[in-house]
Amino acid sequence: MRRSLPLAAGLLACLPALADYPDKPVTLVVPFAAGGPTDKVARDLAEALRKPLGATLIIENIGGVGGTLGANRVAKAAPDGYTLLLHHIGLASATALYRTLPYKTLEDFEYLGMVNEVPMTLVGRASLPANTYAELARWLDANKGKINLAHAGTGSASHLCGLLFQAAIKIDMTTVPYKGTAPAMNDLLGGQVDIMCDQTTNTTGQIESGKVKAYVVTTTKRLAAPALAKLPTAEEAGLKGFNVSVWHGLYAPRGTPKAVVDKINAALRVALTDADFHKRQEALGAVIINDARLAPAEHKKFVEAEINKLGPVIKAAGQYAD
Ligand code: ASP
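One structure accompanies this document, and this report is about it. The residue count restarts for each chain, going from 1 along the sequence in the order it is written. Residue-level local features of this predicted model are given only where pLDDT is at least 70; pairs of side-chain atoms are given and counted only at 80 or more, and the full residue set underlies all totals for whole chains, interfaces and linings. Excluded from the side-chain calculations are hydrogens and water; all other atoms, namely the structure's heavy atoms, are used.

Our focus in this paragraph is the overall build of the protein. Helices and strands together make up the secondary structure of the protein, namely eleven helices and ten strands. As a reference, a globule follows 2.2 Å times the number of residues to the power 0.38, and the radius of gyration itself is taken over C-alpha atoms. Radius of gyration (C-alpha) of the protein: 21 Å, near the 20 Å computed for a compact globule of 322 residues. Judged by the C-alpha coordinates and their principal axes, the protein covers about 80 × 40 × 35 Å. Exposure classes here rest on a 1.4 Å probe applied to the protein chains alone. A residue is buried below 20% of its type maximum, exposed above 50%, and partly exposed in between. For the protein, buried positions account for 53% of its 322 residues. Taking contacts inside the protein between residues at least 6 apart in sequence as the whole, the part at least 24 apart equals 79%. In short, Shrake-Rupley with a 1.4 Å probe defines the accessible areas, and a residue's cover is counted only from the protein chains shown. In the structure as shown, the protein presents an accessible area of about 14,000 Å², 55% of it carried by carbon and sulfur atoms. In this tally, Asp and Glu contribute negative charge and Lys and Arg positive charge; neither His nor the terminal groups of the chain are included. For the purpose of locating charges, the reference atoms are NZ of Lys, CZ of Arg, CG of Asp and CD of Glu. Looking at the protein, you have 34 positive and 29 negative side-chain charges, and the mean spots of the two groups are 2 Å apart. Where helices and strands are cited, they refer to DSSP runs of H or I of at least four residues and of E of at least two residues respectively, numbered from the N terminus. Contact between two residues is taken to exist if any of their heavy atoms lie within 4.5 Å; hydrogens are not considered.

On to the side chain of Ser156. Along the chain, Ser156 turns up in the loop between strand 5 (148-151) and helix 6 (157-169). A distance of 3.2 Å separates a polar atom in the side chain of Ser156 from a polar atom in the side chain of Ser158. Polar contacts here mean pairs of N or O atoms no more than 3.5 Å apart (in protein, one a potential hydrogen donor and the other a potential acceptor; neighbouring residues in sequence count only if both atoms are side-chain atoms). Here His159 takes part through its backbone nitrogen, which lies 3.2 Å from a polar atom of the side chain of Ser156. Residues in contact with Ser156, not counting those within four places in the same chain, are Phe32, Gly66, Ser93 and His151.

As for its placement among the helices and strands, Leu189 is situated in helix 7 (residues 181-189). Each C-alpha atom, one on Leu189 and one on Ala126, is 7.2 Å from the other, the two residues being 63 residues apart in sequence.

Next up on the list: helix 9 (residues 258-271). To estimate the expected span of a helix, subtract one from its residue number and multiply by 1.5 Å. Here helix 9 contains 14 residues, and its C-alpha end-to-end distance of 20 Å stays within 8% of the 20 Å for a straight helix at 1.5 Å per residue. Looking at helix 9, one finds that the buried residues are Val260, Val261, Ile264, Asn265, Ala267, Leu268 and Ala271. Buried residues of helix 9 fall within an arc of 165 degrees about the axis and therefore sit on the same side. The arc refers to the directions leading from the helix axis to the C-beta atoms.

Neighbouring residues are identified by heavy atoms, a residue being near a molecule or strand if any of them is within 4 Å of it. The environment of the ligand is made up of Phe32, Pro37, Thr38, His88, Ala152, Ser156, Ala157, Ser158, Gly180, Thr181, Asp198 and Gln199. Here an oxygen atom of the ligand and a side-chain polar atom of Ser158 are 2.5 Å apart. At a separation of 2.7 Å, a nitrogen atom of the ligand approaches a polar side-chain atom of Gln199. When the ligand is considered free in solution it has 270 Å² of accessible area, and contact with the protein chains removes 100% of it. At the level of elements, helix 2 (37-54), helix 6 and strand 7 (195-199) are the ones that each hand at least two residues to the shell around the ligand. Here the shell around the ligand is composed, by residue class, of four nonpolar, seven polar and one charged. Under the convention adopted here, Pro, Cys and the residues Ala, Val, Leu, Ile, Met, Phe, Trp and Tyr are nonpolar, Asp, Glu, Lys and Arg are charged, and Gly plus all remaining residues are polar.

Here the focus is the side chain of Thr181. Inspection of the secondary structure puts Thr181 in helix 7. Beyond its immediate sequence surroundings of up to four residues, Thr181 is in contact with Pro37, Ala152, Ser158, Met196, Asp198 and Asn202.

This part covers the pattern of salt bridges. Salt bridges, as used here, are contacts in which a Lys or Arg side-chain nitrogen is within 4 Å of a carboxyl oxygen on Asp or Glu. On inspection of all chains with the given rule, the structure shows 13 salt bridges. Here Arg254 makes a salt bridge to Asp108, at a shortest N to O gap of 3.9 Å. Highlighted residues: Arg254 in the loop between strand 9 (245-253) and helix 9 and Asp108 in the loop between helix 4 (90-97) and strand 4 (109-125), separated in sequence by 146 residues. Put simply, Lys258 and Asp262 hold a salt bridge, and the shortest N to O gap is 2.8 Å. Here Asp262 and Lys258 lie together in helix 9, a separation of four residues that amounts to about one turn. On the basis of relative accessibility, which here comes to 59%, the residue Lys258 falls in the exposed class. Among the charged side chains, a salt-bridge network with shared partners connects Glu117, Asp291 and Arg293.

Set out below in structure tokens:
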């Protein structure tokens, strides 16, 4: 009886904090650089979550090592609902790719629900002589050994996409890692690198204004957005099995109280119906999740399936764990 007193007192001390959650701003970690595609999803989502969650979300960009630095920061944060992570397919591809990670993807997070799916585009610097995918394929062939492909670090979506592309055309390129595709895009605009795979949330505006050349989209169907509708799918361009969709999800450190997880999940479901969020994201080619994967358990099941799916895909593309 005596031993249970401190425990009961501890529980009581936690209860008001839980009931009041959130009573201060929440940090939303983006594991890539500011101004990039993941950051754009996070900033739009933070705005849509503000009312239903009842808190301001402050974005913290922790880029590096393909998104694993930011993910690790959240895995090790206090499980109180005040540090969350917005991550994408890289959470699964890094798990399938690295021999060891400083966190356990399926054990060290509370899964809070999925957000959206975003296609990727294969883009090139404006000064490339190739205007169509067929011309690009010829240019790549003629320039073997001299091609630079930018990406957001080993394990990132652009790394995965670039890997699959190199495997599909059987041409190895010099890969140049950045802390996100915002700085990578700057170098592509400056002509320092040749090509890159990136989400439409980052490339649509640049394609529209002719600052980069676009060759294919990585979806199985063509996209509706005006700037992207003319682009062939990778399959149409002859790249069999080259198909990447960048899904995003929301996470909290393991041990975050169930009541807090439920509250964030309920707020997320409301945020994903926000008309402004839809308008902004859909204009950039994103599709908002509206299925069972909004539930934490289904979200986790999906990520586990993605890890299992990506392992053999990455190996087949000739890449082994670091
Ligand atoms: N597009 C990046 C990636 O390849 C991430 C980012 O900068 O948002 O994963």
